[in-house]
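Each chain, letter by letter, is given below.
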Amino acid sequence: MTIRRRRLAASAMAMAATTLLAACGGAEPSGDDDATGKITYFTFSAAPDHLADLEAIKAEFERQNPGITVEVQTAAFTDYFTKLQTAVAGGTAPDTFELNYENFVTYARSGALLPLDDLAQADSDYDPSRVYPKALEAFTLDGQLYAMPSTFSTVVLFYNKALFDAAGLDYPTADWTWEDEWEAAQRLTDRDNGIYGDFQPVTFHEFYKVLAQNGGSFLSPDGKRATFNDAKGVEAAEWLLRKPGAVQPTLAEIGGTADYDTALFKSGKLAMWHNGIWQIAGLAATEGLDFDIVTEPGNTTKANAVFMNATAVSAQTRKATAAWKWVRFLSTSAKTVETRLASNWELPAVNDPAAFDTYLKQTPPANRQAVFDALENIALPPVIKEQQSKMQDIVTQALQKAATGEVSIQEALDEAADEVNALLS
Amino acid sequence: MAEQRTPVARRRISPIRLTTTIGRYAVLGLGALAMVGPFAWMVVTSLTSDAQLAQVDAPLLPDPITVDPYQRLNDAFPFWRFAANSLGVAAVSTLVQLATSATAAYAFSRLRFPGRNALFVLYLATMMIPMQVIIVPLFIEMRYLGLVDTYLGLLLPTLVSSFGVFMLRQAFLALPKELDEAAYIDGAGSFRVFAQVLLPLVAPALATFAVFAFMSSWNAFLWPLVITQTEAHMTLPVGLSLLQGRYSTDWNVVMAGSTISVIPVLALYVFAQRYVVRGVTFTGLKS
Amino acid sequence: MSTLVTPATAAGRRAPATAPRSPRPRRRRRWRTAATALAFLAPSLVLLLAFWIGPMLGTAWMSLQDWNLLGRPSYTGLDNYRELATDDDFHAALGHTVAYLVGYLALVLVFGLAVALLLDAHLPAMTLFRAMFFLPVVTSWVAVSLLWKWLLNPAVGAVNRFLEMLGLPGPGWWTDPDWAIPSVVLASVWKDVGFVAVLLLAGLQAIPGELREAAQIDGAGWWRTLRSVVLPLLSPSLFFVIVISLINGFQVFDQVWVMTEGGPAGASTVVVEQIVKYAFSYGRIGYASAMSLVLFVIILLVTLVQLRLQRRWVHYG
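Keep in mind it's a predicted model, so treat the numbers as computed, not measured.

## Digging into the overall build of chain B
Of the regular secondary structure elements, chain B holds 14 helices and 0 strands. Going residue by residue from the N terminus, the α and β elements of chain B occur as α-α-α-α-α-α-α-α-α-α-α-α-α-α. Put simply, chain B has 287 residues, and 46% of those count as buried. For chain B, the share of sequence-separated contacts (at least 6 apart) that also reach a separation of at least 24 residues comes to 76%.

Encoded structure:
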């Protein structure tokens with residue numbers, strides 16, 4: 001028994017030693033320097049639809065950088081972090097890997113990521129102004145850049161023009177408020193014919209956003225207390241909760257059918273839909289669907305959700321320079337930008353209006369500008385030091401409890417705030 | 001008694017037997033319908049086009065019926081490669097599990113040795129901790145052994161099965177000890193008693209366990225996910241998981257994958273039936 | 001019970017007295033047996049120790065740490081266990097798991113046995129029926145849970161529509177906190193009936209036909225034959241099924257994860273689902289390991305009790 005434990009400790013020490021060596025860039029007895037050779041790249045956004053696109057980007061990178069080969073590994077988003085964390089714990093972390101904003105903080109703080117500033121400065125080809133500044137900011141911690149932003153997506157309001165026309169209503173504009181949305185939704189709902197006016201899921205991801213739209217804030221300025229259960233929070237939760245049953249199918253009606261809202265919108269039975277721009281490709285391919293987008297209505301202010309992904313370099317890597325080159329290529333190279341835009345594979349996080357020109361000219365939807373307008377008022381998800389996921393689950397559960405009517409909204413939010421405060425302490 | 005049995009039995013049982021048989025078929029038929037009906041839904045979904053899948057009020061039978069989802073399976077990941085890996089791993093795993101389980105089961109059921117009960121509990125104990133937690137130390141161990149992303153690393157933890165040991169132990173225990181003793185008298189050693197006397201008699205249990213072992217390995221997901229890195233080693237369930245996108249999933253393709261996945265195990269099960277039929281009867285011991 | 005028929009008596013022959021043993025000293029024989037046993041056990045034991053017991057000890061070690069898998073673990077002693085003692089969510093999950101187990105075990109045993117008895121006949125089409133009952137067992141949980149979500153859809157699902165036809169109110173199934181666990185039980189029983197039936201069938205097939213016929217000749221009806229002949233002889237298989245179902249039932253995961261995700265509003269959380277969440281989503285694998293060990297102890301105790309009770313009702317050849 002003790003033998004096993006000693007072995008475990010020994011392997012842990014071996015891991016630590018390797019990490020230390022890698023971080024210091026210590027002398028490699030093997031002869032491989034850290035700027036050539038094989039590097040691994042682990043991603044969740046490529047499968048299943050964009051494997052070919054990633055191949056094209058990789059091929060171009062390898063052409064421009066003879067001596068470096070990239071091995072791509074993929075996993076579905078739901079399994080991605082299980083596999084990644086196990087690999088990091090076991091000392092076999094991929095050299096480079098994709099991270100979304102919410103998980104980034106934990107990885108950076110735990111020392112799993114290689115700080116990129118030194119590599120960036122040593123690279124004469126790197127121009128930081130090419131990267132979208134807000135994204136760079138998001139992935140910088142304590143003054144150090146820990147991951148290169150690669151893509152972003154915004155959440156907008158999709159609407160079905162045909163249904164609006166049929167009801168004789170004006171299309172939503174960027175000046176709309178919750179009231180406008182609510183009124184229109186009610187007029188557009190025709191439950192007998194299976195037509196619904198609006199769809200917005202009742203989850204953490206919607207809540208923090210509508211809270212911002214109502215001028216509230218999730219955490220106190222010093223980040224030590226939950227403040228989402230104040231009056232503004234209750235109003236925001238109420239906004240989400242009044243929709244199911246009135247203008248939106250209830251959970252029971254959805255019956256757990258996967259992607260029910262997508263099917264509803266594609267069938268032309270949903271007038272307004274809060275969702276991300278990743279849906280555009282599928283909607284554009286749907287025959288007979290006449291739709292457009294607009295930035296989401298706010299209440300006291302406008303606030304939009306942005307999802308950002310970045311590529312990080314593992315602290316365990318032995319090929320830091322090669323990894324940096326790949327990471328930079330994935331974010332800012334012309335080939336990447338071109339490929340992503342052409343295949344609707346999220347939007348490259350680059351500061352390049354010219355590149356986006358072609359994107360904006362594609363229709364449908366006509367108002368693609370809304371995608372970028374949304375960036376003017378960003379509501380970033382609240383990120384806490386530890387147990388981010390647990391905080392999200394607490395809030396979603398509280399909203400679900402309030403939805404069943406078991407407890408009042410205020411009670412549910414108060415309970416959630418207590419639990420979140422316990423996490424923060 | 002044997003001479004009196006036959007004529008009386010035949011005359012008395014016949015009409016009752018008929019009703020019983022009809023009733024049997026009726027209940028089985030209903031049950032089978034409940035079992036298979038939902039599966040039919042799965043197959044139907046796998047033959048639905050994307051456009052119809054997206055419809056809210058889709059009709060019960062897709063129109064048109066398309067095999068496109070099946071063709072797309074191969075585009076999403078190297079389907080045949082992964083299936084071959086799964087087959088190879090499952091086959092090796094099953095065969096080795098049969099060997100390791102049968103031998104251990106024999107020891108636990110037929111041999112008395114100190115600490116037998118405690119050791120058996122130890123075997124059972126390995127089933128009592130969820131795989132999801134064991135994965136991390138197991139992975140670290142594999143890494144230490146240099147077996148990450150290798151077939152050996154994929155196989156090693158699956159070569160022993162406490163479930164099998166337990167199941168076969170029960171099967172052995174049901175066999176009368178007189179069989180062993182008769183063989184011992186004839187001069188056989190333990191291994192011959194095991195291999196030539198007892199093993200054939202538990203053929204039904206062996207066949208049944210083989211099916212379960214194969215199925216368990218064929219459907220295993222978590223360990224293959226974690227231990228494999230390159231496509232060369234990945235298995236079918238891992239491949240099928242790649243069909244699930246972050247924001248949306250092509251359920252018709254997923255169902256196509258699930259449908260195909262069912263076939264090998266079902267085939268094995270049907271094949272194994274011939275070993276499970278009642279053919280082993282005790283008429284006492286040979287004198 | 002008193003008319004227990006044994007193979008020997010049925011054959012009309014009395015079992016011979018135990019064969020005369022060779023006159024070797026008992027201690028030497030015991031060592032030889034132990035050595036033989038070791039030889040038979042070696043393959044499985046080595047593999048078990050290396051790849052199961054070892055990692056289990058690793059888990060025990062992890063339960064004494066605070067570790068998010070990404071950084072370095074930090075030793076916290078028994079803090080995780082202390083926290084578990086007062087963790088309401090964990091207790092709720094444990095409660096749900098037990099509720100699931102009770103419903104699942106009862107139903108799967110009754111239906112499994114019924115199906116096994118029905119399939120135990122040399123009649124045409126039995127192979128086909130057996131395959132049909134086995135089909136759900138072979139299908140993956142991803143497919144099965146989608147399927148059952150649809151079947152149990154409170155509005156348009158087949159089950160509620162059927163209940164409507166009978167004039168009964170259809171519950172909210174897995175959208176209703178009170179019906180979430182029963183929904184999971186239903187789906188699990190459906191999937192595993194074939195599994196249990198196959199196991200019990202193997203046991204039934206090993207019961208010599210003459211025994212049942214003999215009992216019937218003696219005037220026993222179907223029910224009596226079942227009780228006095230079949231069930232006792234089937235008891236080793238039944239025992240196996242019960243123990244395995246308990247061990248697996250406590251660790252129920254896939255169906256909850258895919259069907260209800262622990263909802264609605266945490267009404268169907270189960271222990272392993274909490275373990276997975278804490279290990280990989282909340283960054284607390286130490287806490288998850290502590291949970292696993294508590295679960296392990298519970299399962300171990302339940303199994304030990306089962307093993308003890310074996311003597312009372314399980315009849316071995």
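## Some words on the interface of chain B and chain C
Taken together, the contacts link 80 residues of chain B with 79 residues of chain C. Those elements that place two or more of their residues in the side of chain B that touches chain C are helix H1 (2-46), helix H4 (79-110), helix H5 (116-125), helix H6 (131-144), helix H8 (162-173), helix H9 (177-185), helix H11 (203-219) and helix H14 (251-276) of chain B. Ranked by residues supplied to the side of chain B that touches chain C, first place goes to H1(B) with 13 residues. Split by residue class, the side of chain B that touches chain C holds 56 nonpolar, 17 polar and 7 charged.

## Points about the confidence of the model for chain B
Residues and elements named next belong to chain B. When pLDDT is averaged along chain B, the result is 85, and 90% of the positions lie at 70 or above. Element-level pLDDT for chain B is lowest in H1, with a mean of 75, against a maximum mean of 96 in helix H7 (residues 151-155). Contacts from residues 1-10, a stretch scored under 50 in pLDDT, to residues over four places away or in other chains number 1 contact.

## Here we look at the pairing of strand E2 (residues 68-74) of chain A
All names here are of chain A. In this structure, strand E1 (residues 37-43) lies alongside E2, joined through 7 bridges in parallel fashion. Considered in E2, the bridge of Lys38 is made with Thr69. Following the backbone out of E1, through helix H2 (residues 51-64) and into the adjacent parallel E2, one traces a crossover that is right-handed.

## Topic: helix H3 (residues 77-90) of chain A
All names here are of chain A. The end-to-end C-alpha distance of H3, which contains 14 residues, comes to 20 Å, matching closely the 20 Å that a straight helix rising 1.5 Å per residue would cover. Within H3, 11 of the 14 residues are buried, leaving the element largely enclosed by the surrounding structure. Every buried residue of H3 is listed here: Tyr80, Phe81, Thr82, Lys83, Leu84, Gln85, Thr86, Ala87, Val88, Ala89 and Gly90.

## Some words on the interface of chain A and chain C
Accessible area lost during the coming together of the parts is what is often quoted as the interface size. Contact residues are listed per partner, giving 29 residues for chain A and 28 residues for chain C. Residue assignment for the side of chain A that touches chain C shows that the elements contributing at least two residues are helix H1 (2-24), H3, helix H4 (101-109), helix H11 (251-254) and helix H18 (388-404) of chain A. Per-element accounting of the side of chain A that touches chain C gives the leading share, 6 residues, to H18(A).

## Thoughts on the pairing of E1(A)
Every other side chain in a regular strand lies on the same face of the sheet, so the side chains alternate between the two faces. All names here are of chain A. Among the 7 residues in E1, 5 count as buried, and that is most of the element. With 2 bridges joining them, E1 and strand E3 (residues 96-100) adopt parallel strand pairing. For Phe42, the partnering residue across the bridge sits in E3 and is Phe97.

## Thoughts on the packing of helix H4 (residues 88-119) of chain C against helix H10 (residues 222-250) of chain C
Residue and element names in this part refer to chain C. Running from N to C, H4 and H10 point in directions that differ by 150°, and their axes come no closer than 10 Å. In this view, H4 runs roughly antiparallel relative to H10, as classed from their interaxial angle. Viewed along their axes, H4 and H10 form a crossing whose handedness is right-handed. Along its contact with H4, which presents Thr97, Tyr100, Leu101, Tyr104, Leu105, Val108 and Leu109, the element H10 presents Val241, Ser245, Leu246, Gly249 and Phe250. Its residues assigned to classes, the contact of H4 with H10 comprises 9 nonpolar, 3 polar and no charged.

## Remarks on the packing of helix H8 (residues 180-205) of chain C against H10(C)
All names here are of chain C. Across the interface, H8 lies against H10 with an axial gap of 8 Å and an inter-helix angle of 160°. By the criterion of interaxial angle, the relationship of H8 to H10 is roughly antiparallel. Between H8 and H10 lies a crossing of right-handed hand. Residues Val196, Leu199, Leu200, Ala202, Gly203 and Leu204 of H8 form the contact with H10, whose participating residues are Leu234, Pro236, Ser237, Phe240 and Val241. Classifying every residue of the contact of H8 with H10 gives 9 nonpolar, 2 polar and no charged.

## A few points about the nonpolar core
In this structure, A:Leu113, A:Val156, A:Phe207, A:Trp326, B:Leu168, C:Ala197 and C:Leu200 are the most contacted members of the largest nonpolar core, which totals 300 residues. Broken down by element, the residue count for this core peaks at 18 residues, all from H8(C). A:Phe207 has contacts with A:Ala236, A:Ala237, A:Leu240, A:Val395 and A:Leu399, leaving out every residue within four places of it along the chain.

## Considering the domain arrangement of chain B
Residues and elements named next belong to chain B. Annotation of chain B at the domain level lists domain 1 (2-46) and domain 2 (68-276). For domain 1 and domain 2, the distance between their C-alpha centroids amounts to 32 Å. At the junction of the two partners, domain 1 supplies 4 residues and domain 2 supplies 7 residues. Of the residues assigned to the side of domain 1 that touches domain 2, the class counts are 2 nonpolar, 2 polar and no charged.

Cut-offs used in this document
- Residues numbered from 1 in each chain as written.
- Chains lettered and ligands numbered in written order.
- Predicted model: local features only at pLDDT ≥ 70, side-chain atom pairs only at ≥ 80, totals over all residues.
- Helix = DSSP H or I, 4+ residues; strand = E, 2+ residues; numbered from the N terminus.
- Buried ≥ 20, exposed ≤ 12 C-beta atoms within 10 Å, placed from the backbone.
- Contact = placed C-beta atoms within 7 Å.
- Nonpolar A, V, L, I, M, F, W, Y, C, P; charged D, E, K, R; others polar.
- pLDDT = per-residue confidence, 0-100.
- Pairing = 2+ DSSP bridges.
- Right-handed = clockwise from strand over helix to strand, strands pointing away.
- Expected span 1.5 Å × (residues − 1).
- Axes fitted to C-alpha atoms, helices over the stretch in contact; angles between N-to-C directions.
- Parallel < 35°, antiparallel > 145°, perpendicular 65-115°, else oblique.
- Left-handed = near helix turned anticlockwise from the far one by under 90°.
- Core = buried A, V, L, I, M, F, W, Y, C linked by C-beta atoms within 7 Å.
- Domains from an automatic or database assignment.

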